[in-house]
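Fold and contact review
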Amino acid sequence: MEIILNTPFKTWSSFSGAYVIGFAFYEEKMLSGNELVALVKEAIAGKTLDDVLRRLNGNFSLIIEERKTCYLIADKMRSYPILYTKKENHWLISDDAEKIMTDNAVSLETDTQSIYEFLAAGYLSGNKTLLKNVRQVVAGTYVCLEENECRITEYHNYAVCKTLLEEDEIIKGAEIALERAFGRLFESIGNRQIVIPLSGGYDSRLIACMCKRHNIKNVICYSYGRPDSFEAEISRKVAEQLGFQWLFVEYTPELIGSFKKDADFIKYLGHAHHLNTLPHFQDYFAVRELKARDVLEKDAVFVPGHSGDLLGGSKLPVEVFNEEFSLNTDSLVKLIYEHFFDLNKEKYNDRDKCCRLIFDQLKENKIDTRDELLDIYEPYWFVKSKVANFLVNSMRIYEYFGFDWRLPLWDDEYATFWYRVGWEKKIASQLYNRFMFDTYFIPFNVDYKKNNTVKHLIPPAIKRYLPDCFFTSLRLIYMRLHKQKYDFNAQSCMIDLCKEINGGKQGYDINDAYDINSVAVICILNQVVGS
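Along each chain, residues carry numbers from 1 onward, in the same order as the chain's sequence is written. With pLDDT at 70 or above as the cut-off, local features in this predicted model cover only qualifying residues; side-chain atom pairs require 80 or more to be listed or tallied, and sums for whole chains, interfaces and linings still use all residues. The basis for the side-chain values is all heavy atoms of the structure; hydrogens and waters are excluded.

1. Let's talk about the overall build of the chain
We apply this condition: Secondary structure counts use DSSP, requiring at least four H or I residues in a row for a helix and at least two E residues in a row for a strand, with both numbered from the N terminus. Only the C-alpha atoms count toward the radius of gyration. The rule for a globule is 2.2 Å times the residue count to the power 0.38. Note on exposure labels: buried denotes an accessible area under 20% of the residue type's maximum, exposed denotes more than 50%, and partly exposed covers the range between, all computed with a 1.4 Å probe on protein chains only. Residues are treated as being in contact if the distance between any of their heavy atoms lies within 4.5 Å. Throughout, the Shrake-Rupley method with a 1.4 Å probe supplies accessible areas, and for residues the shown protein chains are the sole cover considered. When charges are tallied, Lys and Arg are placed among the positive residues and Asp and Glu among the negative ones, while His and the ends of the chain are skipped. Lysine's charge is taken at NZ, arginine's at CZ, aspartate's at CG and glutamate's at CD.
A count of helical and extended segments in the chain gives 22 helices and 16 strands. Taking 2.2 N^0.38 as the reference for a compact globule, 531 residues should give roughly 24 Å; the C-alpha atoms of the chain span a radius of gyration of 22 Å, in line with that estimate. Counting only C-alpha atoms and orienting by the principal axes, one finds that the chain spans roughly 60 × 60 × 55 Å. Burial analysis of the chain (531 residues in total) assigns 57% to the buried set. Intrachain contacts of the chain at a sequence separation of at least 6 include 71% that bridge at least 24 residues. Working note: accessible area of the chain is about 22100 Å², and carbon and sulfur atoms make up 47% of it. Positive and negative side-chain charges in the chain, numbering 65 and 75 respectively, have mean positions lying 1 Å apart.

Have a look at this one:
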């Protein structure tokens, strides 16, 4: 085995043939470093690895060599990516795509199917990468590597049995689970500074309310984009009402444009794609500016509210609840394509090829009921692919600047609680939003409603029956027609930046794309394929 870790952006610890990064709670005790390694080694020896991993609650990755087997272990959200490939007569394992891509003994043959998926979705599902012979460890799985064998075991997903609870019982249960999750959060952070990327939405606001409720003092909130945006205005009002310092970084064409030849930014883009996802860079400019202002303590911890709304049902495909919807694999494939493969439709999005690769991954699954279909759609595809590979990967920004991070809304106890709630009770997030408003937002006087630029145009009587992809497409059209008014995060500037970075690279044409993710994914693909 050849193991290459310890990139400049995150630190692994080594203990007796094992490597570990991150932390986890086990039976309410926080473990890291040698303690976490010892627990997992004992589980391997006692053949209880799956059970122990299911009970670990935290953000970690492990690489453990035992006799002739090397275990590559990802937590339930793939917090720290691990890549692996066969190199001559041994395995090469790394957390850095550039280490693999610059190794002359590694095949750099691209995977044609993965390129289709990458262009259409912005990330890859399963264990695929853009290179045919390189694989990644999937969230909730571990990989056993032996001399000529690779075994993959899934130990966790969120397709859990539903509980029969009344709405008031659900709200009370959610509060208990959230309080316990934040108890673990604050224990893991200690007295370090908490930095909240505070938008105008509900997830980051919930985190700010929890800090206020627990009397956490060392907190700062920030927002970015245009100073006249509704996002910035709500963010400022929430922070001020809760008594937290609020900082703002204005995104101007001059600021964003200044990064087109910035060596650090280019280095970050090369580091953060891990050969299977679009690097997140929207927060990059704000974090760099805040660090330059010297307002961030050296051991600060960023706590974003990523995708907590997903737990409450915000992304449920409401068309599934129509009695005429066919409950079979073909319908699920079409559903996944329409909701997740929405980039580069003008030129590079091949529907037939994308649907075929989706079908190939799902064809063995049995689908007879709505619950079975949704258990594949969300806990398997949405969480293990988009959340784990794309959204959690945005944490690379904070690591790049030397900071730690947490995702408390994906605490395992809290996430599992919401996945035990029946799908019908989560339609349009009505119950989840009631939980947040009644329990936290109203008591703290921060019950500001989100200003959705599109959904407020649709009558409430029919809104809940329209699929999320409908609003996504409509929002893109609406924002293109009203760019000056609604480009509050300066995405047009970022599009120009990506096109500048792409320069005259031959390959996929970036000029035909118009939304930021479509442009960025072509930029990154051209960097990888052209390297």
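So much for the structure itself; the text now carries on.
2. Quick look at the environment of Cys493
Here Cys493 lies in helix α21 (residues 491–502). Residues Cys493 and Val160, spaced 333 residues apart in sequence, show a C-alpha to C-alpha distance of 43 Å. Apart from residues lying up to four places away in sequence, Cys493 is in contact with Thr252, Pro253 and Ile256.

3. Details of the sheet that holds strand β8 (residues 90–94)
Definition in use: Two strands make a pair as long as DSSP finds a minimum of two bridges between them. Axis definition: a line fitted to C-alpha atoms, over the contacting stretch in the case of helices. Angles run 0 to 180 degrees between N-to-C directions.
Taking strand neighbours across the sheet as the criterion, the four strands line up as β1-β8-β7-β9 in an open arrangement whose pairing is mixed. The open sheet has two edge strands, β1 (2–4) and β9 (134–136), and neither has a second partner. On average, each strand axis in the sheet is inclined to that of its neighbour by 20 degrees, with strand direction left out of account. Pairing of β1 with β8, which is carried by three bridges, proceeds in the parallel orientation. Residue pairing in the sheet places Ile3 in a bridge with Ile93 of β8.

4. Quick notes on the environment of Asn433
Within the fold, Asn433 resides in helix α17 (residues 430–441). Given a relative accessible area of 24%, Asn433 falls into the partly exposed group. The contacts of Asn433, once residues within four sequence positions are left out, are Tyr202 and Ala428.

5. Observations regarding the sheet that holds strand β14 (residues 245–250)
Judged by pairing direction, the sheet is parallel, and its five strands sit side by side in the order β14-β13-β12-β15-β16 without closing on themselves. On the outer flanks of this sheet lie β14 and β16 (404–405), each paired with one strand and no other.

6. Concerning the nonpolar core
Using the following cut-off: Among buried residues, those of type Ala, Val, Leu, Ile, Met, Phe, Trp, Tyr and Cys that are joined through side-chain atoms within 4.5 Å constitute a nonpolar core.
Within the largest apolar cluster, 164 residues are counted, with the highest numbers of intra-cluster contacts made by Phe281, Phe341 and Tyr414. Counting residues per element, this core draws most heavily on helix α5 (residues 167–189), at ten residues. Leaving out residues up to four positions away in the same chain, Tyr414 has contacts with Ala174, Ala177, Leu178, Ala181, Leu206, Leu311, Leu409, Tyr432 and Phe435. Counting residues in hydrophobic clusters, the runner-up holds 23 residues, among them Leu31, Val37, Leu56 and Ile73.

7. As for the pattern of salt bridges
Note the threshold: Definition used for salt bridges: Asp or Glu carboxyl oxygen within 4 Å of a side-chain nitrogen of Lys or Arg.
One pass over the full model with this rule turns up 38 salt bridges. In this structure, Arg213 engages Glu175 in a salt bridge whose closest nitrogen and oxygen atoms are separated by 2.8 Å. Remark: Glu175 occurs in helix α5 and Arg213 occurs in helix α6 (residues 203–213); sequence separation between them is 38 residues. Look at Glu175 and you get buried, because its relative accessible area is 15%. Linked by salt bridges that have partners in common, Glu28, Arg180, Arg184, Asp411 and Glu413 make up one network.

8. Details of the packing of α21 against helix α22 (residues 516–529)
Rule in force here: Here the word oblique covers every angle except those under 35 degrees (roughly parallel), over 145 (roughly antiparallel) and from 65 to 115 (roughly perpendicular). Crossings are classed by handedness, with left-handed meaning an anticlockwise turn of the near helix from the far one by less than a right angle and right-handed meaning a clockwise turn. Note on residue classes: Ala, Val, Leu, Ile, Met, Phe, Trp, Tyr, Cys and Pro are nonpolar, Asp, Glu, Lys and Arg are charged, and everything else, Gly too, is polar.
Running from amino to carboxyl end, α21 crosses α22 at an angle of 20 degrees, the nearest separation of the two axes being 9 Å. The angle between α21 and α22 falls in the class roughly parallel. Where α21 crosses over α22, the two elements pack in a sense that is left-handed. Here α21 contributes Gln491, Met494, Ile495, Cys498, Lys499, Ile501 and Asn502 to the contact with α22, which in turn contributes Ile516, Val519, Ala520, Ile522, Cys523, Asn526 and Gln527. In the contact of α21 with α22, the residues fall into nine nonpolar, four polar and one charged.

9. Some details on the packing of α6 against helix α7 (residues 230–242)
Across the interface, α6 lies against α7 with an axial gap of 10 Å and an inter-helix angle of 10 degrees. One finds that α6 runs roughly parallel with respect to α7. Listed contacts from α7 to Arg205, Ala208, Cys209 and Lys212 of α6 are Ile234, Val238 and Leu242. Grouping the amino acids of the contact of α6 with α7 by side-chain chemistry returns five nonpolar, no polar and two charged.

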